[in-house]
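# Per-entry structural report
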Amino acid sequence: MDIQRTLSIIKPDATAKNITGAINADIEAHGLRIIAQKRIILAKNQAERFYGVHSDKPFFQSLVNYMSSGPVVVQVLEGENAVGNYRDIMGATDPAKAELNTIRQKFGSSIENNAVHGSDSTENANREISFFFASTEITG
Ligand code: IDP
Ligand code: MG
């Protein structure tokens, strides 16, 4: 067993559609446990720092504007192989290319407005979890 934690974000397009519960149901149906969760609005400079790795990409400014355009739900997911498992449950970045029944295929609208974020490695998961949560806010 490799029990891991990963950071998930339900993005502004999904909170606008009022589908937080539907996404959470998918997460839980796949055996992941939501062990921390809060609904917040990201400041632009927070979104810039969070996505700093993409600062040289042509879509960076648009991504930052989008991520700070409305509420997001940040959450810590725990379970067997949580990082890779959640990436599988999410589907490809572009909803049009995502596997059937993945969260992005079902709920995403475009390559940018793609409903959810999930950490891409255990190292980034740790960094991203501590970006949003104090250890006292996480109950395993
Ligand atoms: P990921 O979320 O699947 O890990 P990344 O390449 O890390 O994908 O990109 C981060 C986020 O930036 C994506 O989830 C999406 O919201 C946005 N994004 C990625 N590629 C594009 C693009 O080509 N155009 C517009 N937005 C993009
Ligand atoms: Mg990524």
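A few points on the structure. (Residues numbered from 1 in each chain as written. Chains lettered and ligands numbered in written order. Predicted model: local features only at pLDDT ≥ 70, side-chain atom pairs only at ≥ 80, totals over all residues. Heavy atoms only, no water.)

### Here we look at unusual backbone geometry
Of note, the phi angle at Asn 81 is positive, near 50°, even though the residue is not glycine. Note on placement: Asn 81 falls in the loop between strand E3 (72-80) and helix H5 (82-90). Owing to a relative accessible area of 37%, Asn 81 belongs among the partly exposed residues under this scheme. Positive phi, normally seen in glycine, also occurs at Asn 101, with a value near 75°. Tracing the chain through its elements places Asn 101 in the loop between H5 and helix H6 (103-107). Judged by its relative accessible area of 52%, Asn 101 falls in the exposed class. (Helix = DSSP H or I, 4+ residues; strand = E, 2+ residues; numbered from the N terminus. Buried < 20%, exposed > 50% of the residue type's maximum accessible area, 1.4 Å probe, protein only.)

### A word on the pairing of strand E1 (residues 3-10)
Where a strand is regular, its side chains alternate between the two sheet faces. Burial analysis of E1 places 6 of its 8 residues in the buried class, the great majority of the element. The sheet contact formed by E1 and E3 spans 8 bridges and is antiparallel. The residue of E3 that forms the bridge with Gln 4 is Gly 79. (Pairing = 2+ DSSP bridges.)

### Overview of the environment of Glu 99
Here Glu 99 lies in the loop between H5 and H6. The class of Glu 99 is exposed, set by a relative accessible area of 60%. Considering only alpha carbons, one finds Glu 99 and Ile 89, 10 residues apart in sequence, at a separation of 9.0 Å.

### Some thoughts on the pattern of salt bridges
Tallying each qualifying case throughout the model produces 4 salt bridges. With its nearest N and O atoms 2.8 Å apart, the salt bridge here joins Glu 78 to Arg 5. Here the residue Glu 78 occupies a position in strand E3, and Arg 5 occupies one in strand E1, the gap between them amounting to 73 residues. According to the relative accessible area criterion, Arg 5 is partly exposed, its value standing at 34%. One salt bridge connects Arg 127 with Glu 128, and the closest N-O pair in it is separated by 3.8 Å. By relative accessible area, which is 5% here, Glu 128 ends up buried. (Salt bridge = Lys/Arg side-chain N within 4 Å of Asp/Glu carboxyl O.)

### Re the nonpolar core
Among the nonpolar cores identified, the biggest contains 20 residues, and Leu 7, Ile 9, Met 67, Val 76, Phe 132, Phe 133 and Ile 138 are the most heavily contacted of them. Only E1, strand E2 (33-40), helix H3 (44-50), helix H4 (60-67), E3 and helix H7 (122-132) provide two or more residues apiece to this core. Examining the composition of this core, we find that 5 residues originate from one element, H4, more than from any other. Contacts of Ile 138, omitting those with residues within four sequence positions, involve Arg 5, Ile 35, Ala 36, Val 76, Ile 129 and Phe 133. (Core = buried A, V, L, I, M, F, W, Y, C linked by side-chain atoms within 4.5 Å. Contact = heavy atoms within 4.5 Å.)

### Digging into the packing of aromatic side chains
For the structure shown, the criterion picks out 4 aromatic pairs. Ring centres of Phe 50 and Phe 132 lie 5.4 Å apart, and the angle between their planes is 45°; this geometry places the pair in the tilted category. Of this pair, Phe 50 sits in helix H3 while Phe 132 is found in helix H7, placing the two residues 82 residues apart along the sequence. For the pair Phe 50 and Phe 132, one class covers both residues: buried. A centroid spacing of 4.8 Å and a plane angle of 75° characterise the contact between Phe 131 and Phe 132, whose relative ring orientation is edge-to-face. (Phe/Tyr/Trp six-rings, centres within 6.5 Å; stacked < 30°, edge-to-face > 60°.)

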